Amino acid sequence: MEMVSDEDSLKSLIQHAVLAPSSHNTQPWRFRLSAPSIELYADLERALPVNDPQNRELYISCGCALMNLRVAVANAGWSSRVELLPDVSDRTLLARITIENAPVDVALAKLFDAMLLRRTYRNRFKEEPLEAALQELLRHAAEMEQACLNIIATEDKRDELIKLVREGDSLQWQNETWRRELAQWLHSGRQGDGLKVPGLVAPLVRGVVRHFDMGRSMASQDSFLADESPVLMLLSTEGDAPRAWLQAGQALQRVLLEAQRHGVQASYLNQPIQVAELRPQVQQAFAMDEFPQILLRMGYPDELLPASPRRPVDEVVAE
Ligand SMILES: Cc1cc2nc3c(=O)[nH]c(=O)nc-3n(C[C@H](O)[C@H](O)[C@H](O)COP(=O)(O)O)c2cc1C
């Protein structure tokens, strides 16, 4: 097969990369074309210093975009070689992905259609449980990317985690700077990023979020949704530094795409991992040495939600 060398082919791969999830839908990535490679950079102007002071979730989000790139490359019939953090003098260069004429990773190519359908599903899931074989497939997807997907199997563990989610909600909403940061990312859909709220009420919603501690109602809502979700899963990694976070992101996206391929979607319960003082308690609850990165509830959605906004590719490709 002919190798990719033109800008348009590389941009069409990036078109798929940007469909990845990101915290607050910040889309904290930039790409540079250098055929047959694409370089992925962190866009630190899109960081969330209050919600994510170490940029851990920023790296995870970029790792998700990297997984999408790998899937798009495989779907196009090529193979990809990934170097993580290839330049010690520039830590914003997160990855270089080089397209090669080698056997295609068929397992990745199969995830292509799921990229277009994946959504974060914040509503109630159907009651239908996830078959054990599917849970095992998701665990394997994480393992392929050097991460561990812990399935929360007992009531005790579930209750303990839900308690921590409630505490996380309460601590985040008490923090006025956290609320202000969240409000900055509540936009009408026109803007191409952020968490979408209907245009007419957007200023009102932003004002309410900025000024009112809604921790109590958020905690009730999250614990209700978590409690009735078919399954809770915790993604963890051995390390807790940029390389591990990029791996966590690739693993997260591989899990989400594999889930979507089977009609399953996810929503996030990251509060007790985001709040620094609660994160060790999550670790203790699982008696784990690894570092918790992402907490998900998963199940079958009732409907296909509209896609959340994305910036056009030309905005994220640097010259
Ligand atoms: C690292 C990471 C952390 C996230 N944390 C949360 C979260 O705490 N709560 C939440 O509702 N969504 C969370 N999300 C989901 C994003 O808000 C979502 O991906 C974004 O709004 C785009 O929507 P989409 O996933 O439907 O494309 C997170 C996503 C990522 C990748």
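Residues numbered from 1 in each chain as written. Predicted model: local features only at pLDDT ≥ 70, side-chain atom pairs only at ≥ 80, totals over all residues. Heavy atoms only, no water.

(A) Representation of the overall build of the chain in the model. Each helix and strand in the chain was counted, giving 13 helices and 11 strands. Relative to the globule expectation of 20 Å for 319 residues, the C-alpha radius of gyration of the chain, 19 Å, shows essentially globular dimensions. For the chain, the residues scored as buried account for 55% of the 319 residues in total. By sequence separation, contacts in the chain at least 24 residues apart represent 78% of the contacts at least 6 residues apart. Carbon and sulfur atoms provide 50% of the accessible area of the chain, an area that totals close to 14,400 Å². If you average the places of the 34 positive and of the 45 negative side-chain charges in the chain, the two averages end up 4 Å apart. (Helix = DSSP H or I, 4+ residues; strand = E, 2+ residues; numbered from the N terminus. Rg over C-alpha atoms; globule rule 2.2 N^0.38 Å. Buried < 20%, exposed > 50% of the residue type's maximum accessible area, 1.4 Å probe, protein only. Contact = heavy atoms within 4.5 Å. Areas by Shrake-Rupley, 256 points an atom, 1.4 Å probe, with all protein chains shown as cover. Lys, Arg positive; Asp, Glu negative; His and termini not counted. Charge placed at Lys NZ, Arg CZ, Asp CG, Glu CD.)

(B) Region of the structure containing the pairing of strand β2 (residues 37-42). Along β2, 6 of the 6 residues are buried, which leaves the element largely enclosed by surrounding structure. Alignment of strand β1 (residues 29-34) against β2, held across 6 bridges, turns out to be antiparallel. The residue bridging R32 from the neighbouring strand is E39, located in β2. Where β1 folds back onto β2 in an antiparallel hairpin, the turn is made up of 2 residues. As defined by bridge partners, β2 adjoins strand β4 (residues 93-100) across 5 bridges and the pair is classed as antiparallel. Considered in β4, the bridge of I38 is made with I97. (Pairing = 2+ DSSP bridges.)

(C) Region of interest: the site of the ligand. If you check the shell around the ligand, you find 19 residues, and the closest are R118, T120, R122, N270 and R310. The contact in question runs from an oxygen atom of the ligand to an N or O atom on the side chain of R118, over 2.8 Å. Within the side chain of T120, an N or O atom sits 2.5 Å from an oxygen atom of the ligand. In terms of residue count, helix α2 (residues 56-75) provides more of the shell around the ligand than any other element does, 3 residues in total. Counted by class, the shell around the ligand contains 5 nonpolar, 9 polar and 5 charged residues. (Near = heavy atom within 4 Å. Polar contact = N/O pair within 3.5 Å; in protein donor to acceptor, adjacent residues only side chain to side chain. Nonpolar A, V, L, I, M, F, W, Y, C, P; charged D, E, K, R; others polar.)

(D) Structural context of the sheet that holds strand β8 (residues 231-237). Taken together, 4 strands build an open sheet; the order of strands is β5-β8-β10-β9 and the sheet is antiparallel. Each edge of the open sheet is held by one strand with a lone partner, namely β5 (148-151) and β9 (265-268). With direction set aside, neighbouring strand axes in the sheet form an average angle of 35°. Alignment of β9 against strand β10 (residues 291-299), held across 4 bridges, turns out to be antiparallel. Note on β10: the bridge partner recorded for Q265 is G299. (Axes fitted to C-alpha atoms, helices over the stretch in contact; angles between N-to-C directions.)

(E) Seen up close, the environment of K163. The topology assignment puts K163 in helix α6 (residues 155-174). Judged by its relative accessible area of 48%, K163 is partly exposed. K163 sits 43 residues away from T120 along the chain, and the two C-alpha atoms are 22 Å apart.

(F) Quick look at the UniProt feature "domain: Nitroreductase" (unreviewed entry) in the chain. What UniProt calls "domain: Nitroreductase" (unreviewed entry) maps, in this numbering, to residues 154-300. Here residues 154-300 is 57% helix and 16% strand, with 20 Å between the C-alpha atoms at its ends. (UniProt positions renumbered as here; feature names shortened; annotations may be inferred.)

(G) How the structure looks around the sheet that holds β1. With respect to topology, 5 strands assemble into an open sheet ordered β3-β4-β2-β1-β11, the strand pairing being mixed. A single partner strand is all that each edge strand has here, and the edge strands are β3 (79-84) and β11 (317-318). Pairing of β1 with β11 involves 2 bridges; the strand directions are parallel. Paired with F31 across the bridge in β11 is V317. Relative to β4, α2 is tilted by about 5°, and along the sheet it contacts β1, β2, β3 and β4.

(H) Region of the structure containing the nonpolar core. Of all hydrophobic cores here, the largest spans 67 residues; its most connected members are L13, I14, W29, F31, L138, L235 and M298. A per-element tally of this core places α2 first, with 13 residues. Those residues in contact with L138, other than ones at most four positions away along the chain, are L130, L149, M233, V255, E258, A259 and M298. Residues A226, L232, L234 and A285 belong to the second largest nonpolar core, which totals 17 residues. (Core = buried A, V, L, I, M, F, W, Y, C linked by side-chain atoms within 4.5 Å.)

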